[in-house]
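Structural overview for review
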Amino acid sequence: MKKIGILLALLMFGVVVAGCIGQTASTTTETTEKKVTPTTTTANTVSETQTPAPKYPLAIVDFAGREVTIEKEPQRIVSLAPSITETLYFIGALDKVVGVTKFDNYPENVQEGRTVVGGFSDPSIEVIASLNPDLIVGTSMHLKYLEQLEKIAPVIIIDPKSIEEIYKAVELLGKVTNKEEKANEVVNNMQSKIEEIRSKVKDAPKVKVFYIVWSDPLMTAGNATFINDLIILAGGENIFGDTQGWPQVSVEEVLARNPEVIILPPHAGMSAEDLCNTQLINTDAVKNGRVYTLSSDDIVSRPSPRIVEGLEEIAKFLHQDVFNFTYQPLVCEATAG
């Protein structure tokens, strides 16, 4: 049960352009040669000497509804969740991160040169303080440590629960770290890719999907989870979409709902081949060899820009003909009793 608790924490917390202002000048020989002093104003003169308003101090409202003031551009950030670290990487602010959790694994070797502050559910306050951060970014899981953390540095809570909120998280972190242009680019790329996938599958038949979160006890993803959202966006129908969160289900229930496709992550406590030795061999999914293993658990459970990778994999599993995708079908030699 301890493994299941850790798994659920990872799934639930594992844990969506600024342009230049065009200027057009109408010039003549007279206006080109005329020198205009800084105090001269004319109808056809655009002031280029105005000093832009300073970005900091910066006041923001985080995902917990808290008003937080950032006095200066952060240079030493402690990230208390892998999804936050990933997002900072995508917006080009990873070089500012000095502390991460022991679960951070993306980008590759992300822990090298950075201090591990503990797990994302139980970070070490002492280690965080020793890093002298000027910003700490956590999730709602860290609200219980808020009073202690605020004595060290400003704290921002980032806790998206939907694709749209992932966009907002990216934009907020971009604003706080002075990476707004890159953050907007990341959001635009995410939106474009999601729309491309949705457009490709919109006319395809819905595919009944069973997602295995954990094998013993058998657990799946219900409504109000990223996995459910991804299945729907990918042109599928979650057979347990009428449940909430991460329910335990029986083999009999799965057989009654008879999925056409079964998807599982690499760390589900079982492999695709193991299904051949269970009663699930009697589902259409196993009979037709349509059992698929994701390349990573993280791309469907962490609310970061990588969620788009999870969507693309699931869409390819469900609609191979649309994406010209091939996957070695599961072939069962054993027969469940």
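Use the structure listed above.
Below is a summary of the structure that appears in this document.

**Focus: the overall build of the protein**
Looking only at helices and strands, one finds 13 helices and eleven strands in the protein. Across the 337 residues that make up the protein, the buried fraction comes to 48%. Split by element, the accessible area of the protein, about 17200 Å² in all, is 49% carbon and sulfur.

**Quick word on the state of the cysteines**
Going through the model one piece at a time under the given rule, you end up with one disulfide. Each sulfur in the disulfide pair Cys276 and Cys332 lies 1.9 Å from the other. Torsion about the S-S bond of the Cys276 and Cys332 cystine: about -75°, corresponding to left-handed handedness. Of this pair, Cys276 sits in the loop between strand E10 (261-264) and helix H10 (284-287) while Cys332 is found in the segment after helix H13 (320-323), placing the two residues 56 residues apart along the sequence. A residue is classified by how much of its surface remains accessible, and Cys332, at 25% relative accessible area, is partly exposed.

**Digging into the sheet that holds strand E3 (residues 77-79)**
As summarised here, the arrangement of the five strands in space is E5-E4-E3-E6-E7, forming an open sheet in which the pairing is parallel. Single-partner strands in this sheet number two, and they are strand E5 (115-116) and strand E7 (155-157). Along the sheet face, helix H3 (residues 82-90) touches E3, strand E4 (97-100) and strand E6 (135-138) and points at about 135° away from the line of E3.

**Examining the packing of aromatic side chains**
Tallying each qualifying case throughout the model produces ten aromatic pairs. Ring geometry for Phe90 and Tyr106: centres 6.1 Å apart, planes at 20°, overall stacked. Placement of the pair is Phe90 in helix H3 and Tyr106 in the loop between E4 and E5, with a sequence separation of 16 residues. Residue classification places Tyr106 among the partly exposed positions, given a relative accessible area of 23%. A ring pair is formed by Tyr292 and Tyr327, whose centres lie 4.9 Å apart and whose planes are at 75°; its orientation type is edge-to-face. Of this pair, Tyr292 sits in strand E11 (residues 291-293) while Tyr327 sits in the segment after H13; the two residues are 35 residues apart in sequence, bridging distant segments of the chain.

**Things to note about the sheet that holds strand E9 (residues 236-238)**
Strand order in this open sheet of four strands is E9-E8-E10-E11, and the pairing throughout is parallel. The open sheet is flanked by E9 and E11, the only strands paired with a single partner. Neighbour-to-neighbour, the strand axes of the sheet open up by a mean angle of 35°, direction not taken into account. With three bridges joining them, strand E8 (residues 207-211) and E10 adopt parallel strand pairing. Note that in E10 the partner of Tyr211 across the bridge is Ile263. Against the sheet, helix H8 (residues 226-233) contacts E8 and E9, and its axis sits at roughly 150° relative to E9.

**Regarding the pairing of strand E1 (residues 58-61)**
Burial along E1 is one-sided: Leu58 and Ile60 are buried, and none of Ala59 and Val61, which face the opposite way, are. As paired elements, E1 and strand E2 (residues 67-70) share four bridges and run antiparallel to each other. Residue Ala59 lies in a different strand from E2, and its bridge partner there is Thr69. Between E1 and E2, which pair antiparallel in sequence order, lie five residues; one of them, Gly65, sits at a positive phi of approximately 75°.

**What to know about H8**
Of all eight residues in H8, six are buried; the element is thus mostly enclosed. Residues Phe226, Ile227, Asn228, Leu230, Ile231 and Leu233 constitute the buried set of H8. Looking one or two residues past H8, Gly235 carries a phi angle of roughly 90°, positive in sign.

**Here we look at the nonpolar core**
Membership of the largest hydrophobic core comes to 62 residues, with the highest contact counts inside it found for Ile156, Ile163 and Ile263. Contacts of Ile156, omitting those with residues within four sequence positions, involve Ile60, Asp62, Arg66, Val68, Ile70, Leu135, Ile136, Val137, Gly138, Leu172 and Val176.

**A look at the pattern of salt bridges**
Overall, the coordinates contain 15 salt bridges when judged by the stated rule. Residues Asp62 and Arg66 are paired through a salt bridge, measuring 2.5 Å at the closest nitrogen-oxygen approach. Just as Asp62 is buried, Arg66 falls in that class too. A salt bridge links Glu86 to Arg306, with the nearest nitrogen and oxygen atoms 2.9 Å apart. Of the two residues, Glu86 is situated in helix H3 and Arg306 in the loop between helix H11 (298-301) and helix H12 (307-318); the sequence distance between them amounts to 220 residues.

Rules used throughout
- Residues numbered from 1 in each chain as written.
- Predicted model: local features only at pLDDT ≥ 70, side-chain atom pairs only at ≥ 80, totals over all residues.
- Heavy atoms only, no water.
- Helix = DSSP H or I, 4+ residues; strand = E, 2+ residues; numbered from the N terminus.
- Buried < 20%, exposed > 50% of the residue type's maximum accessible area, 1.4 Å probe, protein only.
- Areas by Shrake-Rupley, 256 points an atom, 1.4 Å probe, with all protein chains shown as cover.
- Disulfide = S-S within 2.5 Å.
- Pairing = 2+ DSSP bridges.
- Contact = heavy atoms within 4.5 Å.
- Axes fitted to C-alpha atoms, helices over the stretch in contact; angles between N-to-C directions.
- Phe/Tyr/Trp six-rings, centres within 6.5 Å; stacked < 30°, edge-to-face > 60°.
- Core = buried A, V, L, I, M, F, W, Y, C linked by side-chain atoms within 4.5 Å.
- Salt bridge = Lys/Arg side-chain N within 4 Å of Asp/Glu carboxyl O.

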